[in-house]
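What the coordinates show
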Amino acid sequence: MANRWGNGLGRVRPIALGVVALLAAGAGFAPSAHAGAKCDHGCSRTVNDSSFHAVAYRNWCRSGDISGSWTTTRPTCTSDKVKQQSYYLAPHTHTPWNQDWDTLQVDPGWCVKVHFVNSWEPDYSRTYDRRGKSAVWVKVANNSVAHITAQSPSHC
């Protein structure tokens, strides 16, 4: 049963992705090619499941971070010869599936809930409460899909 914070299907996706990956590895298939910034094992993506717009960015400018890490510094770097770009996410849309989009912007004054669906590790959720605070940019690692499940300027 769907609710305000998500539909509960996020747990099924990593299992299916893991089975497909194991089958592909056993059959000797190479990973598919990806447009834009390099995807070592799979692209990072953002899905806006909320009723408000969001913005994704192409590149993450620090090393060693995992999905859900954040910074108050807007990323402006170039990665794999791909200059920084932004992508407007209307409600109920997503970044292009064949491209790597590593960063999600959380606007100042908003509380945003994000559910990270990961291919090779357990899924988890994070809440970014920026009410009364500046914007932050959130890392979405390769093989992860960041689902924006809720956004609000008044409550978390």
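Residues numbered from 1 in each chain as written. Predicted model: local features only at pLDDT ≥ 70, side-chain atom pairs only at ≥ 80, totals over all residues. Heavy atoms only, no water.

**A word on the pattern of salt bridges**
A side chain with one charge can pair with a side chain of the opposite charge if their charged atoms come near. According to the stated counting rule, one finds two salt bridges in the structure shown. Residue R62 pairs with D65 through a salt bridge whose shortest N-O separation is 2.8 Å. With relative accessibility at 22%, the residue D65 sits in the partly exposed group. A salt bridge links D129 to R131, with the nearest nitrogen and oxygen atoms 2.7 Å apart. In this structure D129 comes out as partly exposed when scored by relative accessible area, which is 28%. Taking the relative accessible area as the measure of exposure, R131 reaches 34% and is therefore partly exposed. (Salt bridge = Lys/Arg side-chain N within 4 Å of Asp/Glu carboxyl O. Buried < 20%, exposed > 50% of the residue type's maximum accessible area, 1.4 Å probe, protein only.)

**Here we look at the sheet that holds strand β1 (residues 45-48)**
One open sheet accounts for five strands, arranged β5-β1-β10-β7-β8; its pairing is mixed. Looking at which strands have only one partner, the edges of the open sheet turn out to be β5 (93-94) and β8 (124-129). Relative to β5, β1 runs antiparallel, the two sharing two bridges. Looking at the pairing, N48 lines up with T93 of β5. (Pairing = 2+ DSSP bridges. Helix = DSSP H or I, 4+ residues; strand = E, 2+ residues; numbered from the N terminus.)

**Some details on the packing of aromatic side chains**
Enumeration according to the criterion identifies three aromatic pairs in this entry. A ring pair is formed by Y87 and W101, whose centres lie 5.2 Å apart and whose planes are at 55°; its orientation type is tilted. Of this pair, Y87 sits in strand β4 (residues 86-89) while W101 sits in the loop between β5 and β6 (103-106), and the two are 14 residues apart along the sequence. Taking the relative accessible area as the measure of exposure, Y87 reaches 29% and is therefore partly exposed. It is R58 that lies over the ring of W101; its NZ or CZ is 4.9 Å from the centre. The cationic tip of R130 hangs over the ring face of W70; the distance from NZ or CZ to the ring centre is 5.4 Å. (Phe/Tyr/Trp six-rings, centres within 6.5 Å; stacked < 30°, edge-to-face > 60°. Lys NZ or Arg CZ within 6 Å of the ring centre and 35° of its normal.)

**Some words on the state of the cysteines**
With the rule as written, the count across this model stands at two disulfides. The disulfide that involves C61 links it to C77, with 2.1 Å between the sulfurs. What sets the handedness of the C61 and C77 disulfide is the S-S torsion sign, and at about -95° it is left-handed. Here C61 is found in the loop between β2 (54-57) and β3 (70-71), whereas its partner C77 is found in the loop between β3 and β4, with 16 residues between them in sequence. Shown here is the disulfide that connects C111 with C156, its sulfur atoms set 1.9 Å apart. When the S-S torsion is 115°, as for the bridge of C111 with C156, the disulfide is right-handed. Placement of the pair is C111 in strand β7 (residues 111-118) and C156 in the segment after β10 (144-152), with a sequence separation of 45 residues. (Disulfide = S-S within 2.5 Å.)

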